[in-house]
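Observations on the model geometry
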Amino acid sequence: DFVDFVKFFDRIINRFEMSKSKEVEFIRELPTTPIYVEIDTDKITQVIDNIISNALKYSPDGGSIRFKLTNIDDEILVEIKDTGMGIPKENVDRIFDRFYRVDKARARSMGGTGLGLAISREMINAHGGRIWAESVEGKGTSVFFTLPNNAEEDGEWE
Ligand code: ATP
Ligand code: MG
């Protein structure tokens, strides 16, 4: 599908903002002009849903989630940053492994399977993008992903 990623992302954020049950502030840093990309919208919706669900799940009341979208050369960069419990440094890269969950006791009470980010990584890789996380334990987590933005190379749109 060929979509304006700014609008697409904003709609997903709105859906979560309307249905959230926690007092978590949503902060948008989105471009004011469209960014057209070719993506599988169902799959990328699933990726973003999982990242936002995690950010909400692992955030306390009174926290915030920052949504940042930038266009750098031939890629878009998305950052979803929470002020939640964070992840110990040595575990950050493992959260993309199948069934990996940081703290088993904590994970049991939180629900879920530990597959969300593993599936997200597969989908982003299939689109030719990258996904990673940065976190400070006790402070919060940022999840980043990129997607190629080849719209201008496509002759039809010149
Ligand atoms: P599922 O997504 O399958 O319902 P899940 O949320 O536990 O279950 P993932 O989304 O793959 O699984 O996340 C893996 C683990 O990474 C989580 O169990 C959690 O320990 C940690 N994690 C992910 N996102 C965050 C976050 N924003 N803050 C803190 N920990 C996180
Ligand atoms: Mg999850």
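Residues numbered from 1 in each chain as written. Chains lettered and ligands numbered in written order. Predicted model: local features only at pLDDT ≥ 70, side-chain atom pairs only at ≥ 80, totals over all residues.

Under an unreviewed UniProt entry, the protein chain has the name histidine kinase and belongs to Kurthia gibsonii.

A count of helical and extended segments in the protein chain gives four helices and seven strands. The order of α-helices and β-strands along the protein chain, N terminus first, is β-α-β-β-α-β-β-α-α-β-β. Relative to the 2.2 N^0.38 estimate, which gives 15 Å for 158 residues, the radius of gyration of the protein chain is 16 Å and therefore close to what a compact globule would have. Within the protein chain, buried positions represent 26% of all 158 residues. (Helix = DSSP H or I, 4+ residues; strand = E, 2+ residues; numbered from the N terminus. Rg over C-alpha atoms; globule rule 2.2 N^0.38 Å. Buried ≥ 20, exposed ≤ 12 C-beta atoms within 10 Å, placed from the backbone.)

For the rest of this paragraph, the subject is the site of ligand 1. In the vicinity of ligand 1, 21 residues are found, and the nearest of them are Asn-54, Val-102, Gly-112, Gly-116 and Leu-117. Those elements that provide at least two residues to the shell around ligand 1 are helix H2 (41–57) and helix H4 (116–126). A breakdown of the residues in the shell around ligand 1 according to their chemical character gives 11 nonpolar, eight polar and two charged. (Near = placed C-beta within 6 Å. Nonpolar A, V, L, I, M, F, W, Y, C, P; charged D, E, K, R; others polar.)

This paragraph deals with the nonpolar core. Membership of the largest hydrophobic core comes to 25 residues, with the highest contact counts inside it found for Phe-5, Ile-51, Ile-76 and Ile-80. Of all the secondary structure elements, the ones that give two or more residues to this core are helix H1 (5–19), H2, strand E4 (64–72), strand E5 (75–82), H4 and strand E7 (140–148). No other element matches the six residues that H2 contributes to this core. (Core = buried A, V, L, I, M, F, W, Y, C linked by C-beta atoms within 7 Å.)

A few words now on the pairing of E7. Sheet analysis places E5 next to E7, joined by seven bridges and oriented antiparallel. If you follow Ile-80 over to E7, its bridge partner there is Val-143. Direction of pairing for strand E6 (residues 131–136) relative to E7: antiparallel, over a ladder of six bridges. Across the sheet, residue Glu-134 finds its bridge partner in E7, namely Ser-142. Counting the residues in the hairpin turn of E6 and E7 gives three residues, including Gly-138, whose phi is positive at 85°. (Pairing = 2+ DSSP bridges.)

What follows deals with the environment of Thr-33. With respect to the helices and strands, the residue Thr-33 is situated in the loop between strand E2 (25–29) and strand E3 (36–38). A count of 8 C-beta atoms within 10 Å places Thr-33 in the exposed class. Distance in space between the C-alpha atoms of Thr-33 and Gly-140 is 29 Å, their sequence separation being 107 residues.

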